[in-house]
Structure formats: structure tokens, C-alpha cells
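Results of the structural survey
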Amino acid sequence: MSDSQQSIAKPVYKVVALQLAIVISFATVTLFFGGSVKGWSAACGGAIAVAGSLAYALLVVRGSSDAKTAFRAHLRAEMVKIFITAVLFILALVLFQSAAWLWLILGFAVATLAYWFSLLAV
């Protein structure tokens, strides 16, 4: 990995790590106060968002000094992130039918907000 790629990789992975830490905290609090179904639902929703963010990070970390190439990489990564998110929500719908859907969506929302706020922190 070149120096420019390493300089991109560290903040990108820090954002995903911070997002994961916030998701774990939210799911733990939900588990403690709301019970196991709500806690696991929140964790699954957060995991869906973290998986999409990690996929995005893995695709963008290569970096490029060419603006057109960088733009295409970000666009492709965002499309993959949306696809992964949709597939994981469908899988959750099919495989986790006992989920508390409000808490699954809240877990996803908290993770998405955590992603945006962690961008400001890194």
C-alpha cells in the first residue's frame, strides 16, 4: 500500500470502527433496558449499516490522484453499499421474523447517524 493509500485508509477505517463502537453501545443499552429481542434487533440493524460502511471503505481505500477515477470509485462503492444494505434488510426480513422491526430500523438509523458524526470526529 502506498503512502497516499495509507493516509486514506486510516481515517476511513477509524470511521467504521467508531460506528461499530456506537452500534455495540446502543445495542447493549437496548438489550439491558428493552430485552433480548429488542437488543438483538437493534444489533442487527446496526450491523447492516456497519457492513455497508465497511464495504464502502474497502472499495474506496485504494485511492487515486485522478479526480475522475476517484469519483467513479466513490460512486461504485456507494452503489455496492446500497445493494448490500438492501440485501441484508431482505435477509433480516426473511430469516429474523421475530425481530422487533422498530428497533431494527432504530439500530440502522443510529449506526447511520454514527457514521456521519464519526466523519466529523476523524
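Residues numbered from 1 in each chain as written. Predicted model: local features only at pLDDT ≥ 70, side-chain atom pairs only at ≥ 80, totals over all residues. Heavy atoms only, no water.

1. Concerning the overall build of the protein chain
In terms of regular secondary structure, the protein chain is built from 4 helices and 0 strands. The order of helices and strands in the protein chain, counted from the N terminus, is α-α-α-α. Overall size of the protein chain, expressed as C-alpha extent along the three principal axes, is 50 × 30 × 20 Å. Taking all 122 residues of the protein chain together, the buried fraction comes to 28%. Partitioning the intrachain contacts of the protein chain with sequence separation of at least 6 by distance along the chain shows that 75% fall at a separation of at least 24. Accessible surface for the protein chain amounts to roughly 7,500 Å². Of this, 74% is attributable to carbon and sulfur atoms. (Helix = DSSP H or I, 4+ residues; strand = E, 2+ residues; numbered from the N terminus. Buried < 20%, exposed > 50% of the residue type's maximum accessible area, 1.4 Å probe, protein only. Contact = heavy atoms within 4.5 Å. Areas by Shrake-Rupley, 256 points an atom, 1.4 Å probe, with all protein chains shown as cover.)

2. As for the side chain of Ser 53
Within the secondary structure, Ser 53 is located in helix 2 (residues 36-60). For Ser 53, a relative accessible area of 2% puts it in the buried group. The residues contacting Ser 53, other than those within four sequence positions of it, are Val 16, Gln 19, Lys 81 and Tyr 115.

3. Quick word on the packing of aromatic side chains
Counted under the stated rule, the structure contains 4 aromatic pairs. With a centroid separation of 5.1 Å and 70° between ring planes, the pair formed by Phe 89 and Phe 108 is classed as edge-to-face. One end of the pair, Phe 89, is in helix 3 (residues 67-95); the other, Phe 108, is in helix 4 (residues 101-121), and 19 residues separate them in sequence. When its relative accessible area of 23% is taken as the criterion, Phe 89 is described as partly exposed. (Phe/Tyr/Trp six-rings, centres within 6.5 Å; stacked < 30°, edge-to-face > 60°.)

4. So, the packing of helix 2 against helix 3
The N-to-C vectors of helix 2 and helix 3 enclose an angle of 155°; their axes lie 8 Å apart at closest approach. Taken together, the axis directions place helix 2 and helix 3 in an arrangement best described as roughly antiparallel. Between helix 2 and helix 3 lies a crossing of right-handed hand. Listed contacts from helix 3 to Ile 48, Ala 51, Gly 52, Ser 53, Ala 55, Tyr 56, Leu 59 and Val 60 of helix 2 are Ala 73, His 74, Ala 77, Glu 78, Val 80, Lys 81, Ile 84, Thr 85, Leu 88, Phe 89 and Ala 92. Class assignment for the residues of the contact of helix 2 with helix 3 results in 13 nonpolar, 4 polar and 2 charged. (Axes fitted to C-alpha atoms, helices over the stretch in contact; angles between N-to-C directions. Parallel < 35°, antiparallel > 145°, perpendicular 65-115°, else oblique. Left-handed = near helix turned anticlockwise from the far one by under 90°. Nonpolar A, V, L, I, M, F, W, Y, C, P; charged D, E, K, R; others polar.)

5. Let's talk about helix 3
Spanning 29 residues, helix 3 covers 41 Å between terminal C-alpha atoms, matching the ideal 42 Å at 1.5 Å per step. When we look at burial in helix 3, the residues that qualify are Ala 77, Lys 81, Thr 85 and Ala 92. Turning to helix 3, the residues buried within the fold contact helix 2 and helix 4. (Expected span 1.5 Å × (residues − 1).)

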